[in-house]
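# Reading the structure
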Protein chains: 2
Amino acid sequence: MYKLLPDYIKEKITISDPDLETVLSYFKPQKLKKNEILVNPGEKPQRIYFVVSGCLRIFFLTEGGAEATRHFAFENQFATALVSFITGEISKEYVQAIEDTEVYFIWQSDFYELLKIIPQWEKLYRHYLEYAYVTNTNRLMSFITLDATERYRQLLAQNPNVVMRMPNKMVASYLNISQETLSRLKSKA
Amino acid sequence: MYKLLPDYIKEKITISDPDLETVLSYFKPQKLKKNEILVNPGEKPQRIYFVVSGCLRIFFLTEGGAEATRHFAFENQFATALVSFITGEISKEYVQAIEDTEVYFIWQSDFYELLKIIPQWEKLYRHYLEYAYVTNTNRLMSFITLDATERYRQLLAQNPNVVMRMPNKMVASYLNISQETLSRLKSKA
DNA sequence: CGTGCACTTGATTGAAGTCAAGCGCTGTGG
DNA sequence: CCACAGCGCTTGACTTCAATCAAGTGCACG
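Residues numbered from 1 in each chain as written. Chains lettered and ligands numbered in written order. Predicted model: local features only at pLDDT ≥ 70, side-chain atom pairs only at ≥ 80, totals over all residues. Heavy atoms only, no water.

The name recorded for chain A in an unreviewed UniProt entry is Crp/Fnr family transcriptional regulator, from Pedobacter jeongneungensis.

Below you can see the structure in the form of structure tokens.
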């Protein structure tokens, strides 16, 4: 748990021990209770979270007031409202702990500071962006090519954590189907 | 036209003239005729294209054999089968010129070479990734929150080039609606 | 122990897809 | 230069998948 973040970093990039120490000194630990909302829309300045245990959910509200889940982050994953992180626009997204959760976070300004002083850090950001892009594109393609049943099966196969650990209504909002439809899908298959 | 690529680069990053020369020396020009397919699925090694004039379309085939359009790239934009570029997996995507088109392209291996020898190049890649991510996420959210009519209206407002310059069937496949539905939408609004 | 929220199940509705037919442009070869 | 073949687009009739509406069950938590 205390080693999880440094191990993650060392797995992604080659970095000297002093530089690693510098990087870690910018991260702060935080403990969150189940269902706690840690980021509301429009909050500045912004943080990037690294999940040590538990799970974060990123979601936003549709015009009709329904929750639309954009991402789940489990142990050993980074998470943030990435679009507003990139564009600097006001974020419309919430970040919420679904289980009791331990995270480390870094302020956006410190993150940019690291980009300046630790050349390797640029590479870690690149990895994060690449991963986020690939994940997003796969999800986009699943909406285009798959119906509700197939999307559910794919999620079960590729990310069983979501189906097993998250409440049905959040799984449904991630698949962009109604809670009722998900319930019917589960009872059949 | 000949200045378009260097101008684009200088707009995104600060780079010395000799370095810029080096970068440009890796790019090669190519002319494409309307409807020409320049990349087929599975092709290696891979290229990144910069559109000088005309338009490229990136699409793939669904199981049913229908074309699903993933991206349009117009003048002054980069385009590639980015997921397979990142993951190294075999690409399922086609790249096609929709109009008579002029591009510059760079081989993937040369692109990585530039990342090594020109430190600023990492920043340009970062910009490209960030732009691709934001675009993709916006499109993803439009599928989640908007119906067919609203998606069409948004596309018309945000990227009129697509509606005006592309054939209906391709616009429809980009919006993920049937050609018939798009035709009905246009006749109403 | 009770209240409310998550989930299930059934009935009905609706948005968009599919199937089908016909029109009209465009470009190609005689 | 014209003719006609084929593709792109439109329009209409019907179908379908999943949403919505509605009611009821059961578990979790104060």
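Once the structure has been displayed, the description carries forward.
## Description of the protein's contact with DNA strand C
Residues in contact with DNA strand C amount to 16 residues; listed here are only the nearest, A:Asn168, A:Ser183, A:Arg184, B:Ala148 and B:Thr181. Take the atoms of DNA strand C that sit within 4 Å of the protein: sugar and phosphate atoms are 58% of them. One of the side-chain nitrogen or oxygen atoms of A:Gln179 is found 3.4 Å away from a phosphate oxygen of DNA strand C. At 2.6 Å from a phosphate oxygen of DNA strand C is found a side-chain nitrogen or oxygen belonging to B:Thr181. Sorting the residues of the surface near DNA strand C by element identifies α8 (168-175) and α9 (179-188) of chain A together with α9 (179-188) of chain B as the ones contributing at least two each. If one sorts the elements of the surface near DNA strand C by residue count, α9(A) sits on top with 5 residues. For the surface near DNA strand C, the residue count by class is 3 nonpolar, 7 polar and 6 charged. (Near = heavy atom within 4 Å. Polar contact = N/O pair within 3.5 Å; in protein donor to acceptor, adjacent residues only side chain to side chain. Helix = DSSP H or I, 4+ residues; strand = E, 2+ residues; numbered from the N terminus. Nonpolar A, V, L, I, M, F, W, Y, C, P; charged D, E, K, R; others polar.)

## Points about the relation of the copies chain A and chain B
Expressed as a screw operation, the relation of chain A to chain B combines 0.0 Å of axial shift with a rotation of 180°, fitting to an RMSD of 0.0 Å. Read as a symmetry element, the transformation amounts to a two-fold axis. Both copies contact each other with a shared surface, as 100% of the interface residues of chain A are interface residues in chain B too. (Least-squares fit on C-alpha atoms with pLDDT ≥ 70 in both. Contact = heavy atoms within 4.5 Å.)

## Concerning unusual backbone geometry
Residue and element names in this part refer to chain B. For Asn76, which is not glycine, the phi torsion reads 70° and is therefore positive. Secondary-structure assignment places Asn76 in the loop between β5 (67-73) and β6 (77-79). Although it is not a glycine, Asn176 adopts a positive phi angle of roughly 60°. Its relative accessible area of 30% is what places Asn176 among the partly exposed residues. (Buried < 20%, exposed > 50% of the residue type's maximum accessible area, 1.4 Å probe, protein only.)

## Brief notes about the UniProt feature "domain: Cyclic nucleotide-binding" (unreviewed entry) in chain A
With numbering matched to this structure, UniProt assigns "domain: Cyclic nucleotide-binding" (unreviewed entry) to residues 15-115 of chain A. Helix makes up 23% of residues 15-115 of chain A and strand makes up 41%, while its end C-alpha atoms are separated by 13 Å. (UniProt positions renumbered as here; feature names shortened; annotations may be inferred.)

## Points about the sheet that holds strand β2 (residues 37-39) of chain A
All names here are of chain A. Read from one edge of the open sheet, 4 strands run β2-β7-β4-β5, paired in antiparallel fashion. The sheet terminates laterally at β2 and β5 (67-73), the two strands that pair on one side only. Across the sheet, the mean angle separating the axes of adjacent strands is 30° when strand polarity is ignored. Direction of pairing for β2 relative to strand β7 (residues 94-97): antiparallel, over a ladder of 2 bridges. Following the sheet pairing, Val39 is matched in β7 by Val95. (Pairing = 2+ DSSP bridges. Axes fitted to C-alpha atoms, helices over the stretch in contact; angles between N-to-C directions.)

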